[in-house]
Amino acid sequence: MLLSLLHAGLPPVAMKPVKLFNSLGRRLQELEPLEPGHVRLYTCGPTVYDRVHIGNLRTFIFEDILRRTLRFFGYRVTQAMNLTDVEDKIIAAAGEANVDIGSFTAPHVASFFEDLATLRIEPVEHYPRATEHVAEMITMIERLLEAGYAYRADDSVFFRIAADEDYGKLSGIDLDQVRRGQRVQSDEYGKEDARDFVLWKGAKEGEPEWPSPWGPGRPGWHIECSAMSQKYLGTTFDIHCGGVDNLFPHHENEIAQSESANDSPQARYWLHSEHLTVDGEKMSKSLGNCYNLGDLLDLGLSARSIRYLLASVHYRQQLDFTFDKLAEADRALKRIDDMRFRLAHEAEQESDPAPLDRAASDFENAFAAALADDLNTAAALGAVFTFVHHVNGFIDHGLPAGGRARVEASLERADQVLAVLDAGAWAESGEAEGSLSDAEIDALVEARSEARASRDFAAADRIRDQLSEAGVVVEDAPGGSRWKRS
């Protein structure tokens, strides 16, 4: 249903060069998929020990914009997003709740998918779970042991960083700053070097465990993504994404494991979104500013405006989340909605359509150019509002025949990427239970008009109040009353 709403039969924009900032090498590069016309994409998903917060959602929306942009330009996309469902925090929290990790993570997995749907983040092709891919992780660890990149220590297995000459090529980390021999975690006392990281953790009493050639235990966090990305996308794929906090050590360790095991690059392009702050401060439960989507919706805030705000700042710039900026997002979307409301009700005239057609073409070109320039959503939205201004001008001075369809087609194409321009689509997919249908609104507006005609203004006001409570705005015009959802 969602995909049909987004694409609605529109052909993709002609494929053009797309430049992306590659964290590996820290430079803009033109995207050249391994398979022409097909992009394989891996995105780090949530660790499901709690409901994801808005910083996580900012990253997921950036990845959604990337996916939609690639499809906008005609690429086929195969995407995998992992779910980390076994990890130290999960085990500790499940133990405190006295339940197994599957029972503990289930509601958090459910809330994750609910949040994605609420924010109109497209579903991807694969959502592999760590607990379902332990066999693939064991196979990769065996290869690393055979090649000398890993070693056993007691019941655990560690990656030997000193054996990997390329370690640090993604993050530029200076390993000499880490003291050799420093003991950092009680479950890693057997390490040869403090810089080494765990691939397999020997079993501990009360923790979940799986059988392995080295005894019962569980995988380390980093090996999970290496094994799952290889299974679903191949030993080398096109793009790997995540938040900037994943760059080191997680993504650095992924590269070390994957490339040492396979003797080939893991991903050719690495993209990272910047941090999100709240009112200029880092999110923290102690500060009371670590919001999730449910927190914001409970305050009566709009999911559409939240998506707009999280997408409005370029993914490589920090985004400061404030309630004032959410109000600005509301106002920005209202400008679009007001123009579309006027457009829907304006009579077309016999006038030259060429100027409006040029404005629409200019908008489409500017919008596509912004996206092709490292997903510049700020510039893309700037093109939207320039177009809104021009369309209002055409409405003021006479909408040419065919103009309405031309404008709507341009906006629909842009919304394949942004997914915020069509207020009606959000209302249809996310109306609250008990909200009024279009037919019910039409009937109430007609009843109000009849009450006004018979000068029963008290009844007319009551109906208007009822519509207002349902989020419907009624505008009276010489040709009759018309309505829109606020």
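Residues numbered from 1 in each chain as written. Predicted model: local features only at pLDDT ≥ 70, side-chain atom pairs only at ≥ 80, totals over all residues. Heavy atoms only, no water.

Asks: Provide a residue-level description of the pairing of strand β10 (residues 267-273), including the pertinent values.
Replies: Within β10, six of the seven residues are buried, leaving the element largely enclosed by the surrounding structure. Both strand β9 (residues 237-243) and β10 contribute to a ladder of six bridges, which runs parallel. Paired with Phe237 across the strands is Ala267, a residue of β10. Handedness of the crossover joining β9 and β10 through helix α7 (residues 247-262): right-handed. (Buried < 20%, exposed > 50% of the residue type's maximum accessible area, 1.4 Å probe, protein only. Helix = DSSP H or I, 4+ residues; strand = E, 2+ residues; numbered from the N terminus. Pairing = 2+ DSSP bridges. Right-handed = clockwise from strand over helix to strand, strands pointing away.)

Asks: Tell me about the sheet that holds strand β8 (residues 217-219), and name the residues and values.
Replies: Pairing between sheet strands relies on hydrogen bonds along the backbone, with the strands arranged either parallel or antiparallel. Spatially, the four strands line up as an open sheet ordered β5-β6-β7-β8, and their pairing is antiparallel. Every interior strand has two partners, whereas the edge strands, β5 (150-153) and β8, have only one. When the angles between neighbouring strand axes are averaged without regard to direction, this sheet yields 25 degrees. Inspection of the sheet shows strand β6 (residues 156-159) paired to strand β7 (residues 197-202) by three bridges, in the antiparallel sense. Bridge assignment links Val157 to a residue of β7, and that residue is Trp200. (Axes fitted to C-alpha atoms, helices over the stretch in contact; angles between N-to-C directions.)

Asks: I'd like a description of the pairing of strand β1 (residues 19-22), backed by residues and values.
Replies: Residues Leu20 and Asn22 of β1 are buried on one face, while the alternating residues Lys19 and Phe21, pointing to the opposite face, are not. Examined bridge by bridge, β1 and strand β2 (residues 27-30) share four bridges and lie antiparallel to one another. Bridge assignment links Phe21 to a residue of β2, and that residue is Leu28. Two successive antiparallel strands, β1 and β2, enclose a turn made up of four residues, where Gly25 displays a positive phi of approximately 105 degrees.

Asks: Can you lay out unusual backbone geometry for me, pointing to particular residues and giving the numbers?
Replies: Here the amide bond leading from Phe248 into Pro249 is cis, since omega sits at 5 degrees, within 30 degrees of zero. Checked against the element boundaries, Pro249 lands in helix α7. For Ala419, which is not glycine, the phi dihedral falls at a positive 60 degrees. Looking at the secondary structure, you find Ala419 in the loop between α13 (403-418) and α14 (423-430). In this structure Ala419 comes out as buried when scored by relative accessible area, which is 0%.

Asks: So what's going on with a negative patch on the surface? Residues and values would help.
Replies: Judged by side-chain charge, Asp279, Glu281, Asp324 and Glu328 come together as a negatively charged surface patch. Along the polypeptide, Glu328 turns up in helix α10 (residues 323-345). Since its relative accessible area comes to 45%, Glu328 is described here as partly exposed. (Patch = residues over 30% accessible without salt bridge, like charges linked within 9 Å, V, L, I, M, F, W, Y side chains within 5 Å. Areas by Shrake-Rupley, 256 points an atom, 1.4 Å probe, with all protein chains shown as cover. Salt bridge = Lys/Arg side-chain N within 4 Å of Asp/Glu carboxyl O. Lys, Arg positive; Asp, Glu negative; His and termini not counted. Charge placed at Lys NZ, Arg CZ, Asp CG, Glu CD.)

Asks: Requested: an account of the side chain of His314, with residues and values cited.
Replies: Along the chain, His314 falls in the loop between α9 (303-312) and β13 (319-321). Overall, the relative accessible area of 10% leaves His314 in the buried class. Not counting the four nearest positions on each side in its chain, His314 is found in contact with Arg58, Asp374, Leu375, Asn376 and Thr377. (Contact = heavy atoms within 4.5 Å.)

Asks: Now, about the sheet that holds β9: what can you tell me, with residues and values included?
Replies: Within the open sheet, the four strands sit side by side as β4-β3-β9-β10. Their pairing is parallel. Strands with a single pairing partner mark the edges of an open sheet, and in this sheet they are β4 (76-81) and β10. Neighbouring strand axes in the sheet, compared pairwise and without regard to direction, differ in orientation by 20 degrees on average. Pairing geometry for strand β3 (residues 38-43) and β9, over three bridges, is parallel. Counterpart to Tyr42 in the pairing with β9 is His240.

Asks: Break down the state of the cysteines for me, with residues and values.
Replies: Applying the stated rule across the entire model yields zero disulfides. Here Cys241 is not disulfide-linked; the sulfur of Cys44 is the nearest cysteine sulfur, at 9.0 Å. (Disulfide = S-S within 2.5 Å.)

Asks: Provide a residue-level description of the packing of aromatic side chains, including the pertinent values.
Replies: Given two aromatic rings, their pairing is described by the distance between the two centres and the angle made by the two planes. In this structure the tally under the stated criterion is 15 aromatic pairs. Consider the rings of Phe72 and Phe73, whose centres lie 5.1 Å apart with planes at 80 degrees: the pair is edge-to-face. Each member of the pair, Phe72 as well as Phe73, is classed as buried. Within the aromatic cluster, the residues linked to one another by ring pairs are Phe72, Phe73, Phe363, Phe367 and Phe387. The cationic tip of Arg316 hangs over the ring face of Phe21; the distance from NZ or CZ to the ring centre is 4.1 Å. Over the face of the ring belonging to Phe341 we find Lys484, whose NZ or CZ atom lies 5.4 Å from the ring centre. (Phe/Tyr/Trp six-rings, centres within 6.5 Å; stacked < 30°, edge-to-face > 60°. Lys NZ or Arg CZ within 6 Å of the ring centre and 35° of its normal.)

Asks: Account for the nonpolar core, naming residues and giving values.
Replies: Counting 120 residues, the largest nonpolar core has Ile54, Leu66, Leu199, Ile239, Leu271, Phe321 and Phe367 as its most contacted members. If near-sequence neighbours (up to four positions away) are discounted, Phe367 is found in contact with Phe72, Ala380, Ala383, Val384, Ala414, Val417 and Leu418. In this structure, Ile441, Leu444, Val445 and Ile463 belong to the second largest nonpolar core, which totals eight residues. (Core = buried A, V, L, I, M, F, W, Y, C linked by side-chain atoms within 4.5 Å.)

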